[in-house]
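# Coordinates in review
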Amino acid sequence: PARVVVLASGTGSLLQSLVDATVTENYPARIVAVGVDRDCDAARRADEAGIPHFRIGLRDYADRAEWDVALTDAASTFEPDLVVTAGFMKILGGRFLDAFAGRIVNTHPALLPSFPGAHAVRDALDHGVKLTGSTVHLVDSGVDTGPILAQEAVPVLDDDDEAALHERIKTVERRLLVDVIAAMATTGVTSDGRKAQIIR
Ligand code: GAR
């Protein structure tokens, strides 16, 4: 199975969906480590699943460059085939991107290129869109700009608040992420300029 390192900062429900998938028979990937940048439920979920976790907090380093080196070194130790950022709320550094170029997958709670950044769900609500969704994409040096691997639309309902809409999106994200990682682990992706495609 493909070796996956998951980076997370939050509740880790996306991480959990991958954990649950990877323990099922025939899933073509397994999580070899979880990396966090703060104390969070994602680290607790890793512990509960018996998966090693490392904590590389930005404030524990002199600057972003040193943090980037530490994060890259920590992830490299586990020799991942794929890195998944599942609610990791930090921008990855150049060294990390170089080390795992083309092998970092992010999930974003909006239909990119609409609403990139850290407040995608709130921004979509504020804009008044009737349809938003989930995007799984490869990470490049921009913020949520990398080649798109999969997308699925989610309706915005009249009485939605941020939490309700985010939860509806996450239900889709969990399934999409598990599906994309399985496909990448078995068949990989091709890309032609901006356009990436999972080989099915
Ligand atoms: C997910 O909705 C993910 O797409 C989002 O954080 C949530 C993490 O949920 N990521 C971003 O917004 C990254 N810019 P979780 O902590 O329950 O897995």
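Structure shown above.
What this report covers is the structure whose coordinates are included nearby.

Cut-offs applied
- Numbers given for residues are sequential positions, taken from 1 along each chain in its written order.
- With the structure being a predicted model, the display of local features is reserved for residues of pLDDT at least 70 and the display and counting of side-chain atom pairs for 80 or more, all residues being used for whole-chain, interface and lining totals.
- Excluding hydrogens and water, the side-chain values take into account all heavy atoms of the structure.
- Three exposure classes are used, based on accessible area relative to the maximum for each residue type with a 1.4 Å probe and protein chains only: buried under 20%, partly exposed in between, and exposed over 50%.
- Strands are runs of DSSP state E lasting at least two residues, helices are runs of H or I lasting at least four, and both sets are numbered from the N terminus onward.
- One bridge is not enough; two strands pair if DSSP finds at least two bridges between them.
- Handedness of a crossover: with both strands directed away from the viewer, a clockwise path from the first strand across the helix to the second marks it as right-handed.
- Think of each axis as a best-fit line through the C-alpha atoms, taken over the contacting stretch in the case of a helix, with angles from 0 to 180 degrees between the N-to-C directions.
- Contact definition: two residues touch when any of their heavy atoms are within 4.5 Å.

### Some remarks on the pairing of strand E1 (residues 2-8)
Most of E1 sits inside the fold, with six of its seven residues counted as buried. Bridge count for E1 against strand E2 (residues 29-36) is seven bridges, and the pairing is parallel. Residue pairing across strands places Val4 opposite Ile31, the latter belonging to E2. Crossover handedness for the path E1 to helix H1 (residues 13-22) to E2: right-handed. Pairing between E1 and strand E4 (residues 82-85): four bridges, direction parallel. Pairing of Val5 across the sheet is with Val83, part of E4.

### A look at the sheet that holds strand E6 (residues 131-138)
The seven strands are arranged E3-E2-E1-E4-E5-E6-E7 in an open sheet whose pairing can be described as mixed. The open sheet terminates on both sides in strands that have one partner only, identified here as strand E3 (53-55) and strand E7 (148-155). Strand-to-strand twist across the sheet, computed as the mean angle between neighbouring axes with direction ignored, equals 20 degrees. Strand contacts of helix H2 (residues 41-49): E1, E2 and E3, with the helix running at about 140 degrees to E2, the strand carrying the most contacts.

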